[in-house]
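# Close look at the chain arrangement
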Amino acid sequence: MESDGDSATDREDSLTRVPAKRKRYKQKFREEWLLNKEYSDWLRKDNRDLSKAVCNVCNTSFSAEISVIKRHKEGTKHVNNLKRCSASTSKKQQSIVSVFKSMPTNEKQLVKTSEIKLAAFVAEHKVSHNVMNHLADLLPKLFPDSQIAKDIRLKRTKVQAVINNCIGETEKENLISDLKSQMFSILIDGSTDIAVVKTVAVVVRYFDPMIGKVITRFWNLIQLFDEKTTDHVANAEKLFNTVIGSFQKYEIPTENIIGFGSDGCNTMMGCNNSVSSRFRQRCPGIIVIKCICHSLHLCASDACKELPLNCEKMARNIYNYFKSSSKRQSELKEFQYFAEADVHKILRPAQTRWLSLNAVVQRILEQWDVLRLYFNSKWLEESECHDIHACLNDPIIKAYYYFLAWMLPKFTTLNSCFQSESILITKLHGKMTAFYKELLLLVLHRNYVNSAPIETIDPMTEINHKDLKDIYLGLGVQKELDSVENEERKLTLRKMCKNFIIRACVGLRKRYCFNDKIMTEIAKFDLEKVISDDREESVSSLFPLLPRIAPTSIQHQQELDDEWRKLPLYYKDLDLSQPPDVFWHQVSFHVNSKQREFILVSIVIAA
């Protein structure tokens, strides 16, 4: 039995106990909201947080509550942004995406929508069309309670027709509408397929205001020679007329073309009578840029010609020795297990891609001791092993491989950077200049490189060269040279490695213009520089930097210049870690000029 004191204490606790707070319910996004015409054009759910919704127009996230959505819809910022986006896309026909969002009500439309989605899935994921011959029969068995699955009639022939005539045509129409209203750049490349058909691939790159990013879209694959062709010459004039004709066919104004890019062959990039010269004549002020990745590949390929042929020959001989023999590959594995090395295959040196040699060199160096042991046991039995055995036991050859393993990654790293889908046009000039200067400092005196303008430095001028013994060639080279007693061979190696670096510098200087005015100025639009306090000293005005994309009205030009000059004062709180196109898209919501976004983003993607 409880005492009176205990019961009194319990009553006090019950009176003073604070009731537990009720957990607030979080409303999750409801798909039914997308059926409402007031929200379907701009609202979507946040895939990272189901309790939030996202406005595609304002690029903002908020709670998935109907009251919050209504307040956002009536806000001044949203109304203005919606008007601006709808003005640029008013001429677009309804896209496949919008068809998917607005769920049809009758069963026939539901079946059509399902077939289009299945066809889009097949196209996006590169699924064989023959799969649909079996999938269409499988769906009713998987979903016996679904009348839509039973009514789907989509096999190989139909899925191909839906992709070509429905999805493809709709996307083409939308792309044409975009190119008629947006400025864009053209990238082309010629190719000959396995059937010896000469084609030209055309890609366009432009800013899409609906998603607020720069996008790349395939435009056309043009066949140069067909049955109706009488002139079987693929010269610059024909290439240019073919490419321009593909845009004129759909009444896309050539005034919207602001950039052109291609490889560096004479037909494309020659000073006279080339595709680029015709673009300059047709579109005054257009920005023309050679493919940087292609140029870096050519520089590395030319530089490697300065090294002994035995280096490349040994790599090819080793691969050819093992490629067709399972017995030899099995024997090599036994040596790898014995030496406790990684069990890796020998890689094949590509015939045309010299930068792929980097992976081959790294693999051979990794397996060098294993390969040397293997061919030491084989060279007396098989004559084809003699050259390989001699090279693997030569410290000079191994020193060349160490040099390549140190030098080639400098090219491949820069090449991989420029193969990125990110916007790097503002960083291009800085990265190329830094790479060129890094190579120059290996063979030229530092005082000369730092004091002279980089575009005036001639790598071939021997008066500014370092002594051979002072040229740094990497730790691996120095380690191997310490074990070589023949001074003449050591001197030859240093000369060849020096010539490699000089030839690479000459190639970079030939293929990239380090005093190009446009590229030098575009580098100043890097996000970290545009809001710096000393920016006005370098770029005080946007005009006449890029005259082709300038508004014709002096008033609009002045408005843009005023906004440009005020940028460091008002936008230091913006996120600089985001891509440049997204940054300028956000800036456009804070300024007043009607053409602000169009001009600022065009500067980023002009090349």
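Coordinates for the structure precede this section.
All residue numbers refer to positions counted from 1 along the written sequence of the respective chain. In keeping with the predicted nature of the model, local features appear solely for residues at pLDDT of at least 70, side-chain atom pairs appear and are counted solely at 80 or more, and the whole-chain, interface and lining totals rest on all residues. Note that water and hydrogens are dropped before the side-chain values are worked out from all heavy atoms of the structure.

## Things to note about the packing of helix α15 (residues 326–338) against helix α17 (residues 368–376)
- All axes here are fitted lines through C-alpha atoms, helices being fitted over the stretch that makes contact, and every angle between N-to-C directions spans 0 to 180 degrees. Secondary structure is summarised from DSSP: a helix means a run of H or I of at least four residues, a strand means a run of E of at least two, and numbering begins at the N terminus for each. Their axes nearest at 9 Å, the elements α15 and α17 cross at an angle of 120 degrees. With respect to each other, α15 and α17 are oriented oblique. Between α15 and α17 lies a crossing whose hand is right-handed. Two secondary-structure elements touch here, α15 through Arg328, Glu331, Leu332, Phe335 and Gln336 and α17 through Val370, Leu371, Leu373 and Tyr374.
- We call Asp, Glu, Lys and Arg charged. Ala, Val, Leu, Ile, Met, Phe, Trp, Tyr, Cys and Pro are nonpolar, and the rest, Gly among them, are polar. Classifying every residue of the contact of α15 with α17 gives six nonpolar, one polar and two charged. Any angle from 65 to 115 degrees is called roughly perpendicular, while one under 35 is roughly parallel, one over 145 is roughly antiparallel, and all others are oblique. Two helices crossing with the near one rotated counterclockwise from the far one by less than a right angle form a left-handed crossing, whereas a clockwise rotation gives a right-handed crossing. The contact criterion used is simple: two residues touch if any of their non-hydrogen atoms lie within 4.5 Å.

## Section: the packing of aromatic side chains
- Here a Phe, Tyr or Trp ring, Trp counted by its six-membered ring, pairs with any other such ring whose centre lies within 6.5 Å, and the pair is stacked when the planes are under 30 degrees apart, edge-to-face when over 60, and tilted otherwise. The tally for this structure, following the rule as stated, stands at 21 aromatic pairs.
- Residues Trp219 and Phe247 carry aromatic rings whose centres are separated by 4.8 Å and whose planes lie at 5 degrees to one another, so their mutual orientation is stacked. On the criterion of sequence distance, the pair formed by Trp219 in strand β6 (residues 213–223) and Phe247 in helix α10 (residues 236–248) is long-range, its members being 28 residues apart. Here Trp219 matches Phe247 in class, with each residue buried.
- Between Phe322 and Tyr374, the aromatic rings sit 5.3 Å apart at their centres with planes inclined by 50 degrees, giving tilted as the arrangement. Placement of the pair is Phe322 in helix α14 (residues 309–323) and Tyr374 in helix α17, with a sequence separation of 52 residues.
- These aromatic residues form a ring-pair network of at least three members: Tyr321, Phe322, Phe335, Tyr374 and Phe375.
- Only Lys NZ and Arg CZ are tested; either one counts as a charge over a ring when it is within 6 Å of the ring centre and within 35 degrees of the ring normal. If you follow Lys172 out to its NZ or CZ, it ends over the ring of Trp219, 3.7 Å from the centre.
- Positioned above the aromatic ring of Tyr321 is the side chain of Arg328, whose terminal nitrogen or guanidinium carbon lies 3.9 Å from the ring centre. In this scheme, a residue with accessible area under 20% of its type's maximum is buried, one over 50% is exposed, and one in between is partly exposed, where area comes from a 1.4 Å probe on protein chains only.

## Re the environment of Asn241
- For Asn241, the location among the structural elements is in helix α10.
- Linking Asn241 and Val275, residues 34 residues apart in sequence, is a C-alpha distance of 9.1 Å.

## Structural notes on the nonpolar core
- Ranked by size, the top nonpolar core spans 82 residues in total, and within it Tyr401, Met432, Leu439 and Ile501 carry the most contacts.
- The dominant element in this core, judged by the number of residues it contributes, is helix α19 (residues 395–418), at 13 residues. For the purposes of this section, nonpolar cores are sets of buried Ala, Val, Leu, Ile, Met, Phe, Trp, Tyr and Cys residues that join through side-chain atoms within 4.5 Å.

## Some details on unusual backbone geometry
- For Lys126, which is not a glycine, the phi torsion comes out positive at approximately 55 degrees.
- Along the chain, the position of Lys126 falls in the loop between α6 (107–124) and α7 (132–142).
- Phi is positive for Glu340, close to 55 degrees, though the residue is something other than glycine.
- As for its placement among the helices and strands, Glu340 is situated in the loop between α15 and α16 (357–366).

## Observations concerning the pattern of salt bridges
- Throughout this description, the term salt bridge denotes a Lys or Arg side-chain nitrogen within 4 Å of a carboxyl oxygen of Asp or Glu. Counted under the stated rule, the structure contains 19 salt bridges.
- The salt bridge partner of Lys305 is Asp302, with a shortest N-O separation of 3.8 Å.
- You can call Asp302 buried: its relative accessible area is 18%.
- For Glu384, the salt bridge is made with Arg328, and the minimal N-O distance between the two is 3.1 Å. With Glu384 in the loop between α17 and α18 (386–392) and Arg328 in helix α15, this residue pair connects regions lying 56 residues apart in the sequence.
- Judged by relative accessible area, Glu384 falls into the partly exposed class, the value being 46%.
- Among the charged side chains, a salt-bridge network with shared partners connects Asp302, Lys305 and Arg511.

## Concerning the side chain of Ser276
- With respect to the helices and strands, Ser276 occurs in helix α12 (residues 275–282).
- The residues contacting Ser276, other than those within four sequence positions of it, are Phe260, Met268, Met269, Gly270 and Val288.

## With respect to the state of the cysteines
- Criterion for a disulfide: a pair of cysteine sulfur atoms at a distance within 2.5 Å. The full count for this structure, using the stated rule, is zero disulfides.
- For Cys304, which is in no disulfide, the shortest distance to another cysteine sulfur is to Cys311 and amounts to 9.1 Å.
- Considering cysteine sulfurs only, Cys299 is the nearest to Cys505, which forms no disulfide, with 9.3 Å between them.

## Details of the sheet that holds strand β1 (residues 43–45)
- Strand pairing is defined by DSSP finding a minimum of two bridges between the two strands. If you walk across this open sheet you meet the three strands as β1-β2-β3, and the pairing is antiparallel. In this open sheet, the two edge strands, each paired with only one partner strand, are β1 and β3 (60–63). The average undirected angle you get between the axes of adjacent strands in this sheet is 35 degrees.
- One ladder, built from three bridges, connects β1 with strand β2 (residues 52–55); its direction is antiparallel. Across the sheet, residue Leu43 finds its bridge partner in β2, namely Cys55.
- Helix α3 (residues 66–74) contacts β1, β2 and β3 of the sheet and is inclined by roughly 140 degrees relative to β3.

Just distances and angles here, no functional claims.
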